[in-house]
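Here is what each chain is made of, one letter per residue.
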Amino acid sequence: MEDKKEQTFIAIKPDGVQRGLIGEIIKRFEMKGFKLVAMKMVHASKEHLEKHYEDLKGKPFFPTLIKYMSSGPVVAMVWEGEGVVKTGRVMLGETNPANSKPGTIRGDFCINVSKNIIHGSDSVESAKKEIALWFKDEMVKYDSCAFDWLYQAAVPIPTDQ
């Protein structure tokens, strides 16, 4: 069974912030059943973004990506729940919005790969790295009242009643 405390890093990019999609994106993750444990709005420095995207440094679009990501505020978040990394990626849709299905964030709100609204960790390992880069000791620990409704094993219903 996947870890119920698994965490992922999700960032609403400058175009998502400017277009007023913060609430809609948070709503989708909350409605799915994931728990928000950290969030902040930040205007990330070029140096911070270069570290975040260091695995893409050799790509021809790297300078444009850094310029775009530093062009306005970003909403950085940590979400927690069973399978949140994989499910979060499905909820985001494909990197290229043209390949994203309706019902996904990019499928519903994006038309261009260079302005694709949202970032999500692609693995548990990258989530840990990204969370450590964006958040120090800023995670809030709390018990969600929905936890048992989401994760408690189903109780068999007696058939003799």
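Read on for a plain summary of the structure.

Criteria and cut-off values
- Residues numbered from 1 in each chain as written.
- Predicted model: local features only at pLDDT ≥ 70, side-chain atom pairs only at ≥ 80, totals over all residues.
- Heavy atoms only, no water.
- Pairing = 2+ DSSP bridges.
- Helix = DSSP H or I, 4+ residues; strand = E, 2+ residues; numbered from the N terminus.
- Axes fitted to C-alpha atoms, helices over the stretch in contact; angles between N-to-C directions.
- Contact = heavy atoms within 4.5 Å.
- Polar contact = N/O pair within 3.5 Å; in protein donor to acceptor, adjacent residues only side chain to side chain.
- Buried < 20%, exposed > 50% of the residue type's maximum accessible area, 1.4 Å probe, protein only.
- Arc of directions from axis to C-beta.
- Core = buried A, V, L, I, M, F, W, Y, C linked by side-chain atoms within 4.5 Å.

1. What about the sheet that holds strand β4 (residues 118–120)?
Link 1 in the chain: In space, the 4 strands of this open sheet follow the order β2-β3-β1-β4, with antiparallel pairing throughout. A strand with exactly one partner marks an edge of an open sheet, and here the two such strands are β2 (35–42) and β4. When the angles between neighbouring strand axes are averaged without regard to direction, this sheet yields 15 degrees.
Link 2 in the chain: Running at roughly 5 degrees to strand β3 (residues 74–80), helix α2 (residues 22–32) makes contact with β1 (7–12), β2, β3 and β4 of the sheet.

2. Side note on the side chain of Glu80
Link 1 in the chain: Among the structural elements, Glu80 can be located in strand β3.
Link 2 in the chain: Reaching out from Glu80, the side chain makes a polar contact with the side chain of Gln7 at a distance of 2.9 Å.
Link 3 in the chain: Among residues more than four places away in sequence, those in contact with Glu80 are Lys4, Lys5, Glu6, Gln7, Phe34, Lys35 and Val37.

3. So, the pairing of β1
Link 1 in the chain: Of all 6 residues making up β1, 5 are buried, and the element is well covered by its neighbours.
Link 2 in the chain: Taken together, the 6 bridges between β1 and β3 define a ladder with antiparallel strand orientation. In the strand pairing of β3, Phe9 is matched with Val78.
Link 3 in the chain: Bridge count for β1 against β4 is 3 bridges, and the pairing is antiparallel. Paired with Ala11 across the two strands is His119, which belongs to β4.

4. Quick look at helix α7 (residues 124–134)
Link 1 in the chain: Of the residues making up α7, those classed as buried are Ser126, Ala127, Glu130, Ile131, Leu133 and Trp134. Down the axis of α7, the smallest arc covering the buried residues is 160 degrees, so these residues share one side. Counted as exposed and oriented over 90 degrees from the buried face of α7: Glu125 and Lys128.
Link 2 in the chain: Buried-residue contacts for α7 involve β1, β2, α3 (46–52), β3, α5 (84–92) and β4.

5. Thoughts on the nonpolar core
Within soluble globular proteins, side chains that are nonpolar tend to cluster in buried spots.
Link 1 in the chain: Ranked by internal contacts, the top residues of the largest apolar core, which has 20 residues, are Ile25, Phe29, Met77 and Trp79.
Link 2 in the chain: Breaking this core down by element, the ones donating at least two residues are β1, α2, β3 and α5.
Link 3 in the chain: Here this core takes 4 residues from α5, the largest share from any one element.
Link 4 in the chain: Beyond its immediate sequence surroundings of up to four residues, Met77 is in contact with Thr8, Phe9, Ile10, Ile12, Ile25, Ile26, Leu36, Ala38, Met39 and Phe135.
Link 5 in the chain: Counting residues in each nonpolar core, the second largest holds 19 residues, with Phe9, Ala38, Ala44 and Ile131 among its members.

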